[in-house]
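# Observations on the model geometry
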Amino acid sequence: MAARKKTTDSVISLDTFGSAKNYWLCWVKSSLSHLSFANTVQKRLNRPCAYIGSINLEDINPELKFPMYFSAFSQEYDINLVILSNKTTAPISLSMEQQNPLFGGLLFEDDYYLFNNQGLTRIPFSYPQADYILMLSADKQADIEDYVQMLPLLADDRILCQNTPQLIAQEQKKSKQVLDFLQYLFYESESAIKDYRRKKLFQKLHHKMSVAESNYGKLKFPMEDNRMITSNLLRREDY
């Protein structure tokens, strides 16, 4: 169980990102595919690591999808680690837009990056060609220092950089753009985790989240069949 951290009064900022949770990022180089990399992290953590969907850049090209995986350290303190692919194979149509037609067709497939310092990339970034981003998030009351120190041990290859989103963004030329996109990535991954857990809970309950009136006896008033079960026991980590 994560240890509670002492808190002090602070001024509430208009920018709410980071006010309710602690965030930490780590950019990693690895020669492994995203499935193999997630499997390696799972073995080293000795915790399940599940695929939860992709970050899609549909505004650029609907085929640009960056796979995400996650592992939960604590549901009570909402401590989660997300593994996000920083690159994917660029669609041919998108690569052709960058080519000079005088040189003919493409000889090699291009990579499209979420963060990179050159080539096809969503956000210009000073650290080149990272393969994965490790995204750690936790309740503001939880002490995540032990988890932060553990992140570099999960990768076989080089760690390019790691820090809070705010400090990472400050190092970049377009800091506001970088921070906005990091906020988007954290919020999207958190939403994907919630959807994954909800689907798993539905499967355990055979897609029944309500108790029919026929299961109750001697009711004074009628009960709606679609009344949702809200007991926290359904979400126990040991269930």
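Shown above is the structure to which this text applies.
My aim in this report is to walk through the structure given alongside it, one point at a time. (Residues numbered from 1 in each chain as written. Predicted model: local features only at pLDDT ≥ 70, side-chain atom pairs only at ≥ 80, totals over all residues. Heavy atoms only, no water.)

Given a rise of 1.5 Å per residue, 12 residues ought to cover 16 Å, and the 16 Å separating the end C-alpha atoms of helix H1 (residues 34-45) matches this to within 8%. All buried positions along H1 are accounted for by Phe37, Ala38, Thr40, Val41 and Leu45. All buried residues of H1 lie within an arc of 155° about the axis, which places them on one face of the element. Those residues of H1 that are exposed and aimed more than 90 degrees away from the buried face are Leu35 and Lys43. (Helix = DSSP H or I, 4+ residues; strand = E, 2+ residues; numbered from the N terminus. Expected span 1.5 Å × (residues − 1). Buried < 20%, exposed > 50% of the residue type's maximum accessible area, 1.4 Å probe, protein only. Arc of directions from axis to C-beta.)

Here the focus is the sheet that holds strand E6 (residues 111-116). The mixed open sheet is built from 3 strands, whose spatial order is E5-E6-E7. Bordering the open sheet on either side are strand E5 (87-89) and strand E7 (121-124), each of which pairs with just one other strand. The mean inter-strand angle of the sheet, taken between neighbouring strand axes irrespective of direction, is 20°. Sheet topology note: the E5/E6 ladder contains 3 bridges and is antiparallel. Paired with Thr88 across the two strands is Tyr112, which belongs to E6. (Pairing = 2+ DSSP bridges. Axes fitted to C-alpha atoms, helices over the stretch in contact; angles between N-to-C directions.)

Here we come to the sheet that holds strand E3 (residues 65-74). Strand order across the open sheet formed by 6 strands is E2-E3-E4-E8-E1-E9, with antiparallel pairing between neighbours. In the strand order of this sheet, the two ends are held by strand E2 (50-56) and strand E9 (159-163), each with one partner. Averaged over neighbouring strand pairs, the angle between their axes works out to 20° when direction is ignored. For strand E1 (residues 21-28) and strand E8 (residues 132-139), the ladder comprises 8 bridges, and the chain directions are antiparallel. Of the residues in E8, the one forming a bridge with Leu25 is Met135.

As a further point, take the packing of aromatic side chains. Working definition: an aromatic ring pair is given by the centre-to-centre distance plus the angle between the planes. A complete count under the given rule lists 14 aromatic pairs for this structure. With centroids separated by 5.7 Å and ring planes inclined at 55°, the aromatic side chains of Phe125 and Tyr127 adopt a geometry described as tilted. Using a relative accessible area of 3% as the deciding quantity, one classes Phe125 as buried. The exposure class of Tyr127 is partly exposed, given its relative accessible area of 24%. The structure contains a cluster of three or more aromatic residues connected by ring pairs, namely Trp27, Phe115, Phe125, Tyr127, Phe181 and Tyr184. (Phe/Tyr/Trp six-rings, centres within 6.5 Å; stacked < 30°, edge-to-face > 60°.)

Despite not being glycine, Asn46 shows a phi value in the positive range, around 60°. Here Asn46 lies in the loop between H1 and E2. Here Asn46 falls in the exposed class, since its relative accessible area comes to 70%. A positive phi angle is found at Asp78, which is not glycine, with a value near 55°. If you trace the backbone, Asp78 turns up in the loop between E3 and strand E4 (79-85). Looking at Asp78, the relative accessible area reads 23%, which means it is partly exposed.

Below, the discussion takes up the pattern of salt bridges. A complete count under the given rule lists 6 salt bridges for this structure. Its salt-bridge partner being Lys21, residue Asp78 comes within 2.6 Å of it at the nearest N-O pair. Placement of Asp78 in the loop between E3 and E4 and of Lys21 in strand E1 is noted, with a sequence separation of 57 residues between them. Taking the shortest distance from any N to any O, the salt bridge between Asp180 and Lys176 comes out at 2.5 Å. Taken together, the residues Asp180 and Lys176, both in helix H5 (residues 175-204) and 4 residues apart, mark about one turn of the helix. Judged by its relative accessible area of 56%, Lys176 is exposed. (Salt bridge = Lys/Arg side-chain N within 4 Å of Asp/Glu carboxyl O.)

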